[in-house]
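An overview of the molecular structure
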Amino acid sequence: MSLPVLAVDPTLADFGKDPLWITIIKAVGVFAFLMLGILFGVWYERKLISRMQNRYGPNRAGKFGLLQSVADGIKMGLKEDIFPNTVDKVLYLLAPVIMVIPAFLAFSITPFGPMVNMFGVQTPLQLVDLPVAVLFMLAMGAVSVYGVVLAGWSSRSPYALLGGLRSAAQVVSYEIAMGLSFVAVFLFAGTLSTSEIVAAQASGGEFFGIPMPSWYVILLLPSFLIYVVCAFGEAARIPFDLPEGEGELVGGFQTEYSSSLKFALIMMGEYLHTFTASAMAITLFLGGWRAPWPISLWDGANTGWWPFLWFLIKFILVFSFVVWVRASLPRVRYDQLMALGWKVLIPLNLAWIMLVATVKLMRDETGAIDKTPVMIIGAIVIVGAFAIWWRFDTVNQRRKDAEKAKVAAEFEQLAAEPTAGGFPVPPLDLPHYHGVERKEVPSGTN
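Residues numbered from 1 in each chain as written. Predicted model: local features only at pLDDT ≥ 70, side-chain atom pairs only at ≥ 80, totals over all residues. Heavy atoms only, no water.

It is worth spelling out the layout of surface pockets at this point. As a volume, the largest pocket reaches approximately 920 Å³. Those elements giving two or more residues to the lining of the largest pocket turn out to be α1 (20-52), α2 (68-78) and α10 (261-285). At 9 residues, α10 tops the list of elements feeding residues into the lining of the largest pocket. Taken together, the residues of the lining of the largest pocket break down into 19 nonpolar, 6 polar and 11 charged. (1 Å grid on protein atoms, 1.4 Å probe; cavity = no way out; pocket = protein on both sides within 12 Å on 5 of 7 lines; lining within 4 Å. Points joined across faces, edges and corners; volume = space filled by probe spheres on them. Helix = DSSP H or I, 4+ residues; strand = E, 2+ residues; numbered from the N terminus. Nonpolar A, V, L, I, M, F, W, Y, C, P; charged D, E, K, R; others polar.)

Below, the structure is given as structure tokens:
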């Protein structure tokens, strides 16, 4: 008896019908994919950065150093677990778990492929999908912040506490901009389901009569660029890894965690957030599991298990970009990080959403767009954005000119009166001002 031919693209109606054993197999498969991805990702990141820096990287444990991550994991699992005397033990233990579990759950909505035949059962190559799947991913990212905050607070260390507070402020700031970058995708796809967003990128469209590719990375390029910046801030990756600033916070929220199993869980959580950000970039903007051109010209490219290969290739390329950025850019200052999120990304997002919403609103029943009002509103948005930028630029330029004038005046004053600035005049509370003789200390003695 032959199986019925089902639609290639799964919909929300195709989920929730799997037998329990199929659901368990898919859950174990996602877990194995993430665990192997962490082991391979650590090795791959170290190797790629070392090649960029003209060195070898790990090359002792196993062929090409492939077992180095396994050795490190075993070492951290077997090391002595140290508890500082002042920590809150319950929260100190619970914080790494809170960081890891939401990261695993956030990846469960990622579509890996279309409907496939798995042990004789037709099922979507995706663990679960929801009508608000993307919002679920954002919620899991927000919950994991509690783990970072609790790790810093329960450590009872000023460095760890400052790292946890930094992370909370950073994630809140960049989650707003990230959520806004999804709005344009929701407007064009008409859904918040990840599987249906991938299906919406199956065919191209038109923009003012111009044929556009199907992937939203082209049609909604500003949203994609803003999302990329926010993903680095959300995952706390360089150049936005301020919660772990070694220069001023020693190690940030994980300062009091020794290199033991708890530290391994924290590192896993950070990598899982990077993997989730990469998977969402592929799902929302890069066509999901669909084959890129010219592979898409092949009739069987988007059927069966082949789409999982295309997803995996895209995933590796996006992760390589994340590593490339880490090897290329320095860490920014914290005030620059917050200013970028609140003063640049959020206003740009709001202006772009207004333009996209106008385009969608002006479509008639046939899908055609009345170009005149769209162009008028677009011009107003562009002029308004330029006016705001010009206003801020003018204010900043005036502030810089005032600072330059102040410095020039100080130099002129110091040229006429070298002691005007208070240096090198000694302080007036030295002992000899009060009639106390300075005690001479012979050279070489303490």
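Turning our attention to unusual backbone geometry. Apart from glycine, the bulk of residues carry a negative phi angle, and the bulk of peptide bonds sit in the trans form. Phi is positive for phenylalanine 64, which is not a glycine, with a value near 60°. Residue phenylalanine 64 is classed as exposed on the basis of its relative accessible area of 54%. Phi is positive for phenylalanine 119, close to 55°, though the residue is something other than glycine. In this fold, phenylalanine 119 is placed in the loop between β1 (115-118) and β2 (121-124). (Buried < 20%, exposed > 50% of the residue type's maximum accessible area, 1.4 Å probe, protein only.)

Okay, the pairing of β2 next. On a regular strand, one side chain projects to one face of the sheet and the next to the other, so that they alternate. Of the strand pairs in this sheet, β1 and β2 are connected by 4 bridges, and their pairing is antiparallel. Across the sheet, the residue bridging to methionine 115 is proline 124, located in β2. Between the antiparallel neighbours β1 and β2 lie 2 residues, among them phenylalanine 119 with a positive phi of about 55°. (Pairing = 2+ DSSP bridges.)

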